[in-house]
Amino acid sequence: MKAIEMEKAYDPKTFEDRIYGEWESKGYFKPASDEASPVHGQYKCQCESCKKTDTYAVVIPPPNVTGVLHMGHGLNNTLQDIVVRYHRMRGDNTLWVTGTDHAGIATQNVVERKLKAEGLSRNDLGREKFLERTWQVKEEHHNIIVKQQKKLGNSTDWDRERFTYDEGLSGAVRDVFVTLYERGLMYKGKRLVNWCPRCGTALADDEVDHEDTQGAMYHLYYEYADGSGKIEVATTRPETFFGDTAVAVNPKDERYKTIVGKMLKLPLTGKEIPIIADEYVDMEFGTGMVKITPAHDPNDWEVGKRHNLEVINLLTPDGRMNENVPEKYRGLKPEAARKLVIEDLTEAGLFKEEEKMVHSVGKCYRCKTVVEPYLSDQWFVKMKPMADKALAAWKAGEIQFFPHKWENTYEQWLVNIRDWCVSRQIWWGHRIPAWYCECGETIVSRTDPTCCPKCGAGAEKLKQDPDVLDTWFSSWLWPFSTLGWPEKTADLEKFYPTTALVTAYDIIFFWVARMIMAGLEFTGKAPFHDIYIHGLVRDKQGRKMSKSLGNGMDPLEIIDMYGADALKFTLGFMCAQGQDILIDKDSFKLGSRFCNKVWNASRYIMGNLEGRTLIPITDADLTELDKWIYSRLDNATRIAREALESYRYNDAASAMMEYFWNEYCDWYVEATKLSFKNGDEHEKDRVVSVILNLLEENLRLLHPYLPFVTEEIYAKLPLAELVENRKKAASCHPELVSGSIITTSLYNGMIINAPFPEPGDARKNDAVTKRFDVLKDLVGKVRALRVECGIDPALKINIALKIEKGSDAEVCIPYADMVKLLSGIANIDFVDAKPASSIGTVGVGFEAFILLDESINKEQLLTRFQKTLEEHKKYAERSQNKLNGNFAVHAPKEQVEAEKAKLQEELNVVEKMTSYIEELQK
């Protein structure tokens, strides 16, 4: 046959887009159960139970339609793509659902910023026109995101793409709201909520980011109403004292038992408030007296409820002081009001001091504005009943976290859960399906009501709630709403519950726990079984990537530099469970180098097909070297499969790279060069046939991590000839169908659907592995000795080998030519004793000696050894002096032990160099 031409340089730009287009157009991203799939119906078993068992379904964490994907998305999408491709190759009926999130507050902020640049506000446009503009922004960003995901190589079924605000999901959201209302789990009430003045909306507790901020503790005096004295209280928000309705002390505090019930004058107001007793107060903190402002502090709200205190709201929706404060403070922002209040208190003699401090301040997770506790009418979901079900499902093993440490986080959040505020005072999002009649009736309905069921008033008399639902209220339904729920669709039947969720740890509360609660509440099943929580992508200094720091990375820029496979392999290789990933642009050179290695090795093999004939290969045709590499392939396959089944991405990537680069390329392929050089025509045909069979299987092993380059090379393989020869070998040897070393696939198509390599007991060969481990150790030690002696790598030297009889090291005898090739050796003498004038190294079952003959420049070598000896004598002396001094007495034990180990290493080098010098001087 002729050699197969491959471009000299690996250039992913020439084939990645073309290959992705072919995958998509031919339906390879579809599950096998779809008629449009090129492998329709080919899942492992056709029985009904196995169809369900062998399904692998994943839903993508939908990115927000507010911008473009960042490297965190790149990591998340890559990890999903790896396991999806792996399970598709395993023969599972595989579905990866993609889509985007409407991201209520975030998207509305983007549009409002655009309007502000035009000198407009959303109120200038009105609700309908504003939503039209928002849909335009959504489409622009959605198109960019889809382009990015395709460049990444996401093997998602685009025909099943969903949007959290599409018609189907909107129906699911309304159904869930009404169902919760009917079950008594949805209610409306006036409560203290987190309020973002910038966004003009309520926020859930987990939408508030707490940041340490420089502030102050202000110490104030409140006078007794009867003029008998004054007390001291402290606060970080003195401007809120206008809303104080009590001062609290602990009932166990002996200092204040006699004053409970007394009245205080509220400064600058003329109002009076009582001193009350409540166990909430910490007696040890400050004076043990706490001002209670029920409308502006969550803890004070609870105290106020217990004591039936008046609740006085001091803020307008845009975060300014309202009509409940004296006129001079009205309309001011809290910071300005605070400054003025301190001035007035000082003038009145009621301000003691300001104490600088750092304290935690809640900020909006989207716009970073300081969040205010705010009294407001909102819709809430009762979470405790659903949280109990989610806890029970975890304890029953219905869900499991990888790594397991996140189970504690999950448990703690559910145990301490609070009701979820789901209404938002914005326009972009799912409108709350509640209508209010003039008669006072509230109507919650799956369809728009035509009249009031209480008074009969027509639809024109009913006003729909203007608020929309929290973004996460649609996202928590994602695993089943995307499959058609609440309708009983074929997809819902086939693919729900899904198999796995792959997501970052920063949304365990926002999303993961809520999805589990929703799945159990509305379908009776947990929405997935495996939950893989990966780390965040950070820069090399460990900082989170952000625009403000200027350390962000665009995945498309990395793909343009190195290719998608380089990005995917690097992220997979670096993704260790429970750890964040620290990278910069240069980190992706790792993946690029591996892609180049795969390309160049394949190009070398394809180039050696000229004049060769592929022949059927059976186990009897394999040499010990062939059995060794098949054993190593089996080892890599086992590690990769086990690692991918438990989401240990880095372990699978490391095993693949170690096998392909070091064992297959640097050892096996290099060793076969001897057959091409010295073998007869049949041997050359045999070697080509074996090495090509191995390459085909290797590409299948690597495909989940390197989808594009493996597909490009796979298409160049002479698959028809390989398959034909496998059939011939199997017809002569039926046992080759299974239970053989060379058992392999008869597949002839695109690699995306080729079978992933299977481990086989026939391939495991511990005896051969041990023998070749010794051979590798020998070559490694000879190479190291050459480096230690400073011998030019290009110089062919002579060595002697002493082999222990009956040991695994005897493998070096038949493979002496391989040792010479890989070690840069001209000649090997097998000896029974150490030769004169030689420098040696020792391994299991062997001693190897570099002969100090005419091929070695002895004077140059002697000078090198003497210089090394003097250097290490100094190091040893310095270490010994350190141990003889105060260091050994005062330093921690582990540091002393480390220094002793360092000294021993130096003494070992001194001893070795001394023996080398003595040998040279004989």
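Each remark here, short or long, concerns the structure printed above.
Computed from a predicted structure; not experimentally measured.

Enquirer: Even after reading the chapter, I still don't get the nonpolar core, so can you show me in this structure?
Expert: As a rule of thumb, soluble globular proteins bury nonpolar side chains together. Core analysis: the biggest nonpolar cluster contains 221 residues, and Phe473, Tyr649 and Tyr664 have the highest contact counts within it. A per-element tally of this core places helix H20 (residues 649-678) first, with 14 residues. Judged by nonpolar contacts, the second largest core, of 37 residues, contains Ala216, Leu220, Ile231 and Val249.

Enquirer: Just checking my understanding: could you explain the pairing of strand S26 (residues 797-803) for this structure?
Expert: The side chains of a regular strand alternate between the sheet's two faces. Where burial is concerned, most of S26 is hidden: six out of the seven residues are buried. The sheet contact formed by S26 and strand S27 (residues 825-831) spans six bridges and is parallel. Looking at the pairing, Lys802 lines up with Val831 of S27. Remark: the S26/helix H25 (residues 816-823)/S27 crossover connection has right-handed handedness. Pairing of S26 with strand S29 (residues 846-851) involves five bridges; the strand directions are antiparallel. Across the sheet, Lys802 pairs through a bridge with Glu847, a residue of S29.

Enquirer: It is not clear to me how the packing of helix H18 (residues 589-607) against helix H22 (residues 707-714) should be interpreted in this structure. Could you clarify?
Expert: Orientation of H18 relative to H22, taken along the N-to-C sense of each, is 10°, at an axis distance of 11 Å. Classified by the angle their axes make, H18 and H22 are roughly parallel. Residue-level contacts link Val598, Trp599, Ser602 and Met606 of H18 to Val709, Glu712 and Ile713 of H22. Each residue belonging to the contact of H18 with H22 can be placed in one class, and the counts come to five nonpolar, one polar and one charged.

Enquirer: Would you explain the packing of aromatic side chains in this entry?
Expert: To describe a pair of aromatic rings, you give the distance between the ring centres and the angle between the ring planes. Under the defined criterion, the tally for this structure stands at 45 aromatic pairs. Plain terms: the ring middles of Tyr10 and Trp599 are 6.1 Å apart, the flat faces sit at 50° to each other, and that makes the pair tilted. Of this pair, Tyr10 sits in the segment before helix H1 (16-25) while Trp599 sits in helix H18, placing them 589 residues apart in sequence. Grouping residues by exposure puts Tyr10 and Trp599 together as buried. Geometrically, the ring pair formed by Phe473 and Trp476 is tilted, given 5.5 Å between the ring centres and 45° between the ring planes. The exposure classification of Phe473 matches that of Trp476, with both residues buried. Through successive ring pairs, a cluster of aromatic residues spans Phe177, Tyr181, Trp379, Trp420, Phe473, Trp476, Phe480, Trp485, Tyr496 and Phe522. Residue placement shows Lys138 over the ring face of Phe163; its charged tip is 4.4 Å from the ring centre. For Lys673, the ring lying beneath its charged end belongs to Tyr604, and the centroid distance is 5.4 Å.

Enquirer: Teacher, can you tell me more about H20 here?
Expert: Because each turn of an α-helix spans 3.6 residues, side chains separated by three or four positions in sequence point in the same direction. Here H20 contains 30 residues, and its C-alpha end-to-end distance of 41 Å stays within 8% of the 44 Å for a straight helix at 1.5 Å per residue. Along its length, H20 shows its largest kink, about 40°, at Tyr664.

Enquirer: Explain the pattern of salt bridges to me, please; I cannot follow it from the model alone.
Expert: In a structure, side chains of opposite charge can pair up when their charged atoms sit close to one another. Throughout the structure, instances matching the rule amount to 73 salt bridges. Between Lys389 and Glu521 there is a salt bridge, with its nearest N and O atoms 2.8 Å apart. Of this pair, Lys389 sits in helix H10 (residues 384-395) while Glu521 is found in helix H15 (residues 508-522), placing the two residues 132 residues apart along the sequence. Owing to a relative accessible area of 11%, Glu521 belongs among the buried residues under this scheme. The salt bridge partner of Glu899 is Lys882, with a shortest N-O separation of 3.6 Å. With Glu899 in helix H28 (residues 893-920) and Lys882 in helix H26 (residues 858-884), this pair connects stretches of sequence that are 17 residues apart. By relative accessible area, Glu899 is classed as buried at 7%.

Enquirer: Would you take a moment to explain the sheet that holds S29 for this structure?
Expert: Pairing is mixed in the open sheet, where four strands are placed in the order S27-S26-S29-S28. Because the sheet does not close on itself, it has two edges, and the strands there are S27 and strand S28 (838-843). Pairwise comparison of adjacent strand axes, ignoring direction, gives a mean angle of 25° for this sheet. Examined bridge by bridge, S28 and S29 share six bridges and lie antiparallel to one another. Within S29, the residue paired with Thr841 across the bridge is Ala848.

Enquirer: Help me understand unusual backbone geometry, please; the structure alone is not making it clear to me.
Expert: Leaving glycine aside, a negative phi is the common case for residues, and trans is the common case for peptide bonds. Cis geometry is adopted by the peptide bond preceding Pro403, which originates at Phe402 and carries an omega value of -5°. Within the secondary structure layout, Pro403 lies in the loop between strand S15 (400-402) and helix H11 (406-415). The peptide bond linking Trp485 to Pro486 adopts the cis configuration, its omega dihedral lying at 15°. Here Pro486 shows up in the loop between helix H13 (478-481) and helix H14 (490-495). One non-glycine residue, Tyr647, lies in the positive phi region at around 60°. Among the structural elements, Tyr647 can be located in the loop between helix H19 (624-645) and H20.

Criteria and thresholds
Residues numbered from 1 in each chain as written. Predicted model: local features only at pLDDT ≥ 70, side-chain atom pairs only at ≥ 80, totals over all residues. Heavy atoms only, no water. Core = buried A, V, L, I, M, F, W, Y, C linked by side-chain atoms within 4.5 Å. Buried < 20%, exposed > 50% of the residue type's maximum accessible area, 1.4 Å probe, protein only. Helix = DSSP H or I, 4+ residues; strand = E, 2+ residues; numbered from the N terminus. Pairing = 2+ DSSP bridges. Right-handed = clockwise from strand over helix to strand, strands pointing away. Axes fitted to C-alpha atoms, helices over the stretch in contact; angles between N-to-C directions. Parallel < 35°, antiparallel > 145°, perpendicular 65-115°, else oblique. Contact = heavy atoms within 4.5 Å. Nonpolar A, V, L, I, M, F, W, Y, C, P; charged D, E, K, R; others polar. Phe/Tyr/Trp six-rings, centres within 6.5 Å; stacked < 30°, edge-to-face > 60°. Lys NZ or Arg CZ within 6 Å of the ring centre and 35° of its normal. Expected span 1.5 Å × (residues − 1). Bend = angle between axes of the 7 residues up to and from the residue. Salt bridge = Lys/Arg side-chain N within 4 Å of Asp/Glu carboxyl O.

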